[in-house]
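Breakdown of the fold
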Amino acid sequence: MDCPEELKYSKEHIWVRVEGNSAVIGITDFAQEELGPISGVELPEEGDELEQDDSVGSVEARKTVADIYAPFSGTVRNVNHEVIDNPALLNDDPYDGGWLLEVTINDHDELKGFMSADDYADYAENKD
């Protein structure tokens with residue numbers, strides 16, 4: 001399982017790359033492995049307001065659809081349309097080409113509960 005050190009991770013298997021007042025988010029390598037081949041992605045629109053912990057989209061794989069939960073509140077700045085057109089990017093490259101959203105952060109305090117790469121790896125390994 002790959003967990004880049006520069007990212008932060010949620011218990012919902014979302015990674016966050018903070019870049020000033022915004023952050024790029026995606027699903028983790030662990031999540032894509034658990035889901036298997038991904039066949040569909042549904043994401044919010046640019047300009048949509050997100051509330052922390054609300055479902056903001058979904059990932060479809062095999063016989064399941066997994067919700068994507070907002071890791072923090074904010075406004076969607078960019079949507080990765082490439083991953084909508086080619087959902088396999090989530091399996092092939094979850095941390096670069098498979099990013100999902102770029103979101104303006106409303107409250108940096110909402111980022112305090114995220115895990116480091118090492119903590120997330122321990123968490124994910126103990127989920128099995």
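Here's a quick rundown of the structure. Keep in mind that what you see is a predicted model, and the values were worked out from it rather than measured.

Some remarks on the environment of Leu43
By the secondary structure assignment, Leu43 is in the loop between strand 4 (38-42) and strand 5 (49-50). Sequence-wise, Leu43 and Gln32 are 11 residues apart; in three dimensions their C-alpha atoms are separated by 16 Å. Excluding residues that lie within four positions of it along the chain, Leu43 makes contacts with Val56, Ile68, Val79, Asn80, Val83, Ile84, Leu100 and Leu101.

Quick word on the pattern of salt bridges
In the structure shown here, the tally under the stated rule is two salt bridges. Measuring nitrogen to oxygen at the nearest pair gives 3.8 Å for the salt bridge that ties Arg77 to Glu102. Separated by 25 residues along the polypeptide, Arg77 in strand 8 (residues 74-79) and Glu102 in strand 9 (residues 101-105) bring together distant segments of the chain. Overall, Arg77 belongs to the partly exposed group, its relative accessible area being 43%.

A short note on the side chain of Thr28
Tracing the sequence through the fold places Thr28 in the loop between strand 3 (22-27) and helix 1 (29-35). On the basis of relative accessible area, Thr28 is assigned to the buried category, the value being 0%. In this view, Thr28 contacts Tyr9, His13, Ile14, Trp15, Pro94, Tyr95 and Tyr120; residues no more than four positions away in its chain are not counted.

Details of the sheet that holds strand 6 (residues 55-61)
Read across the sheet, three strands follow the order 4-6-7 without closing on themselves; strand pairing throughout is antiparallel. Edge positions in the sheet fall to strand 4 and strand 7 (64-69), since each of these pairs with one other strand and no more. In this sheet, adjacent strand axes meet at a mean angle of 20 degrees when their direction is disregarded. By the bridge criterion, six bridges tie strand 6 to strand 7 in an arrangement that is antiparallel. Residue pairing in the sheet places Gly57 in a bridge with Ile68 of strand 7.

Looking at the sheet that holds strand 3
In space, the six strands of this open sheet follow the order 1-2-3-9-8-5, with antiparallel pairing throughout. Here the strands that pair on one side only, and so sit at the sheet edges, are strand 1 (8-9) and strand 5. Pairing analysis gives two bridges linking strand 5 to strand 8, with the strands arranged antiparallel. Each residue of the ladder has a partner; that of Leu50, found in strand 8, is Gly74.

What counts and what doesn't
- Residues numbered from 1 in each chain as written.
- Predicted model: local features only at pLDDT ≥ 70, side-chain atom pairs only at ≥ 80, totals over all residues.
- Heavy atoms only, no water.
- Helix = DSSP H or I, 4+ residues; strand = E, 2+ residues; numbered from the N terminus.
- Contact = heavy atoms within 4.5 Å.
- Salt bridge = Lys/Arg side-chain N within 4 Å of Asp/Glu carboxyl O.
- Buried < 20%, exposed > 50% of the residue type's maximum accessible area, 1.4 Å probe, protein only.
- Pairing = 2+ DSSP bridges.
- Axes fitted to C-alpha atoms, helices over the stretch in contact; angles between N-to-C directions.

Read these as geometric descriptors, not functional statements.
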